[in-house]
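# Examination of the molecular architecture
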Amino acid sequence: MRITVIGTGYVGLVSGVCFAELGNRVICVDKMEAKIDQLNRGEVPIYEPGLQPLISANREAGRLSFTTDLRASVEASELVIIAVGTPSLPNGQANLSYIEQAAAEIGQAMNGYKIIVTKSTVPVGTNERIRDMIRQHTEEVFDIASVPEFLREGTAVSDTLNPDRVVIGTDSARAAECLVELHSRLTDHLIVTDIRSAEMIKYASNAFLATKISFINEIANICEKVGADVTKVAYGMGFDKRIGSSFLKAGIGYGGSCFPKDTQALIQIAGQMDYDFKLLKSVVDVNREQRYNVIRKLEGLLGNLAGTTIGIWGLAFKPETDDVRDAPAFEIIAELHKRGAQVQAYDPVAADNFRKEYGSDGIVYCSTAREAAWQADALCILTEWKEFQELEPLEVEGWLKSPYLIDGRNIYEEEQLSGTNIVYYSVGRPGMN
Ligand code: NAD
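Residues numbered from 1 in each chain as written. Predicted model: local features only at pLDDT ≥ 70, side-chain atom pairs only at ≥ 80, totals over all residues.

Per an unreviewed UniProt entry, the recorded name for the chain is UDP-glucose 6-dehydrogenase, and the organism is Paenibacillus campinasensis. Under Catalytic activity (unreviewed entry), UniProt gives the following word-for-word description of the chain: "UDP-alpha-D-glucose + 2 NAD(+) + H2O = UDP-alpha-D-glucuronate + 2 NADH + 3 H(+)". Of the chain, the UniProt comment under Pathway (unreviewed entry) reads exactly: "Nucleotide-sugar biosynthesis; UDP-alpha-D-glucuronate biosynthesis; UDP-alpha-D-glucuronate from UDP-alpha-D-glucose: step 1/1." (UniProt positions renumbered as here; feature names shortened; annotations may be inferred.)

Here you go:
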C-alpha cells in the first residue's frame, strides 16, 4: 500500500516506520523542515528505543522517505494518515488547528479515491469535521476513518508492531476492508466500529488509566497514614483479574503529552454537552496535588527551603523517553524556585528538551547523576530511570551534603538502604519513611 503519514512526531514517525517495516511504501511528511532534514541525514529527532535501526533498514529498502511536500506525497498515496499534534488550549479543549490545516491541505491535493485516517487523538465529531473540510476542496471520492493510537513512548515500536488491539472507526465498508487488511498482521483484535465510538474509545481508555493512577496514589496517601505499604496493597489487588496489576504504581502522578491533555479534553467534551464529569475532575485534581507531596516532604525534612540546593534525578515524564511535555518535574522545580531553592538536575536524555521549555534560571543541568546529587541538601527522584535504580544508595549518600532522599517513584527496596544513613521518603510505604 502507498501511505502518507502527516506529522513525524512520536506517533507519526513510529507508525510510518512500522508500516514500512510491514512492506508498505511510506512517505512521512512534516512541516518542520529541520526535522525532515535531520531524518534525511539519517538522524532521529526523538529518543525512542529501537527506532533508529528500523528507519535505516526501511530507507535502504526504498520503502520509507521523508519530505515537507505534503501535496506530492498525498497525490502519490492511497492512504493518508493524520498524526499531527492536538495539544491543549488554555481552557483544556483540544487545539484542532493542526488537524484543520492538514485536512485543508489534503483536500487541495486530492487526485483520486483515498482513505483519510486520523490517528491523532481528537474530540468526538472531529473526523466528520475533517470530512467536511476536505470536501470543501475536492469533488473526488474519499472515505474517512478514525484509527486512534495507543502506543506508549519508550516502547512505541513494540507497541505498534504488537498492539493490544486496533480500533477502526469508519462508516465505509471499503475503508474498513482496506484498514483491516493493513492491520491484520499486527493483531487478531481488530475492532471495527463507528467513527464516534472509535474517537471515544481513545479518550475513555486514557481517562480510565489516569483514574487508576490517581486511585492508587490516593490509596498510597492513606497507606502513609495507616501504616500500610502501597506496593504490597497494589500487588495484592493486581491478582484480581477484574482489576489487573498494571497502572497501580504509586508515585508523583502522571504526566506526558497524553493523559493530562486528554483528561482535560474529555472534561471539556462532557461539559459542552452539559455533563459534569465529576470523577475525572477529581482524578485531575488528585494528580496535581500528588506532585506537591515532594515539596511537603522536603519541607518536613529541611524546613524553609530558601538557600538550599536540591538535586533532581529525572526530568522526562517517564523513563525511556526524552519527552518532557507536562512532566511533573516542571511544577516541582518551579515550586522549589518559588521557595528560594537552587536546583541541580540530571536526566539521561531529556535535559535538552527540558532546558528549551523551562530555561536555565535557577537550574544547573548536570551531565551525571553524581553531579546532580553532589553536596545537595536533599535529592529528589522524579523519573524511574534504570540508571538510578542501579546506583548503590551507600555511594549516593557519600555524594550528598545531607543524606535526605525523596523518592517520588519508589525505586529502592528496603534492603538496598540498610547499612546507609539515608533518611528516605518514598510514596505510600510508611515502613520506609
Ligand atoms: P508531536 O507533537 O510529537 O508531533 C506532531 C508533528 O506534527 C510535529 O512534528 C509537527 O511539526 C507536525 N505537524 C503539525 N501540523 C502539521 C501539518 N499541517 N503538516 C505536517 N506536519 C504537521 O505529537 P505526537 O506526540 O506524535 O502526537 C500526535 C497525536 O497522537 C496527538 O493527537 C496525540 O494526542 C496522539 N497520541 C500521542 C501519543 C504519544 O505517546 N505521544 C500516544 C497516542 C496518541
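### Comments concerning the overall build of the chain
Within the chain, the secondary structure is distributed over 18 helices and 14 strands. Expected size for 433 residues packed as a compact globule is a radius of gyration near 22 Å; at 23 Å, the chain falls within 12% of this value. With the principal axes as the frame, the chain shows a C-alpha extent of 70 × 45 × 35 Å. Within the span of the chain, comprising 433 residues, buried residues form 46% of the whole. Within the chain, contacts between residues at least 6 apart in sequence are counted, and of these 71% link residues at least 24 apart. (Helix = DSSP H or I, 4+ residues; strand = E, 2+ residues; numbered from the N terminus. Rg over C-alpha atoms; globule rule 2.2 N^0.38 Å. Buried ≥ 20, exposed ≤ 12 C-beta atoms within 10 Å, placed from the backbone. Contact = placed C-beta atoms within 7 Å.)

### Section: the site of the ligand
Taken together, 27 residues are adjacent to the ligand, and G7, G9, V11, G85 and S120 come closest. Residue assignment for the shell around the ligand shows that the elements contributing at least two residues are α1 (10–21) and α5 (97–109). Of the residues assigned to the shell around the ligand, the class counts are 12 nonpolar, 10 polar and 5 charged. (Near = placed C-beta within 6 Å. Nonpolar A, V, L, I, M, F, W, Y, C, P; charged D, E, K, R; others polar.)

### Looking at the sheet that holds strand β14 (residues 423–425)
Spatial ordering of the open sheet is given by β11-β10-β9-β12-β13-β14, a layout of 6 strands whose pairing is parallel. Every interior strand has two partners, whereas the edge strands, β11 (363–365) and β14, have only one. Pairwise comparison of adjacent strand axes, ignoring direction, gives a mean angle of 20° for this sheet. Of the strand pairs in this sheet, strand β10 (residues 342–346) and β11 are connected by 3 bridges, and their pairing is parallel. The residue of β11 that forms the bridge with Q344 is V364. (Pairing = 2+ DSSP bridges. Axes fitted to C-alpha atoms, helices over the stretch in contact; angles between N-to-C directions.)

### Some remarks on the domain arrangement of the chain
Domain boundaries assigned for the chain yield domain 1 (2–193) and domain 2 (208–432). Between the C-alpha centres of domain 1 and domain 2 the distance comes to 33 Å. Domain 1 puts 15 residues into the contact, and the matching count from domain 2 is 14 residues. Counted by class, the side of domain 1 that touches domain 2 contains 8 nonpolar, 6 polar and 1 charged residues. (Domains from an automatic or database assignment.)

### Looking at the packing of helix α9 (residues 195–226) against helix α12 (residues 278–302)
At a closest axis distance of 9 Å, the pairing of α9 and α12 adopts a crossing angle of 55°. Classified by the angle their axes make, α9 and α12 are oblique. Between α9 and α12 lies a crossing whose hand is left-handed. Note on element contacts: α12 touches α9 through L279, L280, V283, V286, N287 and Q290, opposite A207, A210, T211, S214, N217 and E218. (Parallel < 35°, antiparallel > 145°, perpendicular 65-115°, else oblique. Left-handed = near helix turned anticlockwise from the far one by under 90°.)

### A word on the packing of helix α11 (residues 259–272) against α12
It is the contact of α11 with α12, at a shortest axis distance of 10 Å, that shows an interaxial angle of 150°. Considered as vectors, α11 and α12 are oriented roughly antiparallel to each other. Here α11 runs over α12; the crossing is left-handed. Only L280, K281, V283 and V284 of α12 make contact with α11, whose side of the interface consists of T263, Q264, L266 and I267. Residues that form the contact of α11 with α12 fall into these classes: 5 nonpolar, 2 polar and 1 charged.

### Quick notes on the pairing of strand β7 (residues 166–170)
Most of β7 sits inside the fold, with 5 of its 5 residues counted as buried. Here β7 shows a buried face lined by V166, I168 and T170 and a second buried face lined by V167 and G169. By the bridge criterion, 2 bridges tie strand β6 (residues 142–146) to β7 in an arrangement that is antiparallel. Among the inter-strand pairings, A145 is bridged to a residue of β7, identified as T170. Pairing of β7 with strand β8 (residues 190–193), which is carried by 4 bridges, proceeds in the parallel orientation. Considered in β8, the bridge of V167 is made with I191.

### Quick notes on the nonpolar core
In terms of nonpolar packing, the biggest core is built from 78 residues, with I6, I81, I82, I106, I116 and V117 touching the most fellow members. The element that contributes the greatest number of residues to this core is α9, accounting for 9 residues. When residues no more than four places from it in sequence are discounted, the contact partners of V117 are L79, V80, I81, I82, A145 and V147. A329, A351, F354 and Y358 belong to the second largest nonpolar core, which has 46 residues in total. (Core = buried A, V, L, I, M, F, W, Y, C linked by C-beta atoms within 7 Å.)

### Let's talk about the UniProt feature "domain: UDP-glucose/GDP-mannose dehydrogenase C-terminal" (unreviewed entry) in the chain
On the UniProt side, "domain: UDP-glucose/GDP-mannose dehydrogenase C-terminal" (unreviewed entry) is annotated at positions that read residues 311–414 here. Helix and strand shares over residues 311–414 are 35% and 18% respectively, and the end C-alpha atoms of the span are 22 Å apart.

### So, the confidence of the model for the chain
Residues of the chain with pLDDT of at least 70 account for 99%, and the chain-wide mean is 97. For this predicted complex, the interface confidence reaches an ipTM of 0.99, while the overall pTM sits at 0.96. (pLDDT = per-residue confidence, 0-100.)

### Quick look at the sheet that holds β8
Read across the open sheet, the 8 strands follow the order β3-β2-β1-β4-β5-β6-β7-β8; overall the sheet is mixed. The sheet is open, and its two borders are formed by β3 (64–67) and β8, each paired with just one other strand. Neighbour to neighbour, the strand axes of the sheet diverge by 20° on average, direction disregarded. Note: strand β1 (residues 2–6) against strand β2 (residues 25–29), 5 bridges, orientation parallel. Each bridged residue has a counterpart across the sheet, and for V5 the counterpart in β2 is C28.

### Considering α5
Taking 1.5 Å of rise per residue, 13 residues should cover 18 Å, and α5 covers 19 Å from first to last C-alpha, within 8% of that figure. Residues of α5 that are buried: I99, A102, A103, I106, G107 and A109. Burial along α5 is one-sided: seen end-on, the buried residues are contained in an arc of 165°. Taken together, the buried residues of α5 touch β1, α4 (70–75), β4 (79–82), β5 (114–118) and α6 (126–135). (Expected span 1.5 Å × (residues − 1). Arc of directions from axis to C-beta.)

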